[in-house]
Amino acid sequence: MARLVRPHHEVAAVGDVNGDGRDDIITFTHDTNADVYVALSTGTSFTGTAVKWHDYFSITGEHPALGDVNGDGKDDIITFTQGPTTAADVIIALSTGTGFGPPQKWHDLFAITGEQPRVGDINGDGRDDIVTFTCNTNADVYAATSTGTTFTGTTIKWNDHFCLTGEFPYLADANGDNKDDIIVFTKNTTNDVYVGLSTGTTFTPGQKWHDYFGLNGETTL
């Protein structure tokens, strides 16, 4: 079955799902159907119709994401169920290059309700890891690293003061050392941007990298 990619309640993402070096577009219907559609890049356009690569992944209330969790050069799909401590699972479906395989639980306690999970390679081993920001008065940052078959680490704190309530966290390699760092847009009245560099085993204390960027009402991706 193929159909046009469309917006509304769906969650869109971008990544190289077939490993050809070109990023593709993906959309999660994020409803009771929980379908995942892909339109591949040809290098000059995205294929006109989107093909269903998974028919039940990331229902309403969950947090979908993309990342190459097994290091094979193809981005996989990830969903954080975002439940309480008894149901905060992380499920992945590996890319075969033409579809996403069956769901597999890679972690059973990560990113509970209210936290903000992110995906990136924080230790530079070529496999994407998972990070969650509590984004509250504690402002803790926890990480679980990929072994290629699972995420390891449940209460491993990589930073103990980063991303307060109302701020927006992100992962990216800010200093070019092949390890993703933590970045936060403070929004609100200050509109600062802070970075905590990855050492491979922790994130350093936040340092201000910009003092007027990402205002309230603006979209940070």
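Residues numbered from 1 in each chain as written. Predicted model: local features only at pLDDT ≥ 70, side-chain atom pairs only at ≥ 80, totals over all residues. Heavy atoms only, no water.

**A few points about the confidence of the model for the chain**
Residues with a pLDDT of 70 or more make up 96% of the chain, whose mean pLDDT is 94. Within the model, pLDDT remains below 50 along residues 1-6, and this stretch shows 16 contacts once partners closer than five positions in the same chain are excluded. (pLDDT = per-residue confidence, 0-100. Contact = heavy atoms within 4.5 Å.)

**Some points on the sheet that holds strand β18 (residues 207-210)**
Overall, antiparallel pairing links the four strands, which are arranged β15-β16-β17-β18 in an open sheet. Here the strands that pair on one side only, and so sit at the sheet edges, are β15 (168-172) and β18. With direction set aside, neighbouring strand axes in the sheet form an average angle of 30°. Bridge count between strand β16 (residues 181-185) and strand β17 (residues 193-196): four bridges; the pairing is antiparallel. (Pairing = 2+ DSSP bridges. Helix = DSSP H or I, 4+ residues; strand = E, 2+ residues; numbered from the N terminus. Axes fitted to C-alpha atoms, helices over the stretch in contact; angles between N-to-C directions.)

**Brief notes about the sheet that holds strand β7 (residues 76-80)**
Taking strand neighbours across the sheet as the criterion, the four strands line up as β6-β7-β8-β9 in an open arrangement whose pairing is antiparallel. Each edge of the open sheet carries a strand with a single partner, namely β6 (63-67) and β9 (104-107). The mean angle between the axes of side-by-side strands here comes to 30°, regardless of whether they run parallel or antiparallel. Relative to β7, β6 runs antiparallel, the two being bridged by five bridges. Looking at β7, one finds that leucine 66 is bridged to isoleucine 77.

**Structural notes on the pairing of strand β12 (residues 141-146)**
Across the six residues that make up β12, a large majority, five, are buried. Sheet analysis places strand β11 (residues 129-133) next to β12, joined by four bridges and oriented antiparallel. Bridge assignment links phenylalanine 133 to a residue of β12, and that residue is valine 141. Pairing of β12 with strand β14 (residues 157-159), which is carried by two bridges, proceeds in the antiparallel orientation. Bridging from a neighbouring strand, tyrosine 142 pairs with lysine 157 of β14. Relative to strand β13 (residues 151-152), β12 runs antiparallel, the two sharing two bridges. (Buried < 20%, exposed > 50% of the residue type's maximum accessible area, 1.4 Å probe, protein only.)

**Focus on the packing of aromatic side chains**
Here the structure, examined in full by the defined rule, presents six aromatic pairs. Consider the rings of phenylalanine 133 and phenylalanine 162, whose centres lie 6.5 Å apart with planes at 40°: the pair is tilted. Within this pair, whereas phenylalanine 133 is found in strand β11, its partner phenylalanine 162 is found in the loop between β14 and β15, the two being separated by 29 residues in sequence. Judged by relative accessible area, phenylalanine 133 falls into the buried class, the value being 0%. Phenylalanine 162 sits in the buried class, given a relative accessible area of 4%. Judged by centre distance (5.0 Å) and plane angle (55°), the rings of tryptophan 158 and phenylalanine 203 are tilted. Residue tryptophan 158 is located in strand β14, and its partner phenylalanine 203 is located in the loop between β17 and β18; the two are separated by 45 residues in the primary sequence. (Phe/Tyr/Trp six-rings, centres within 6.5 Å; stacked < 30°, edge-to-face > 60°.)

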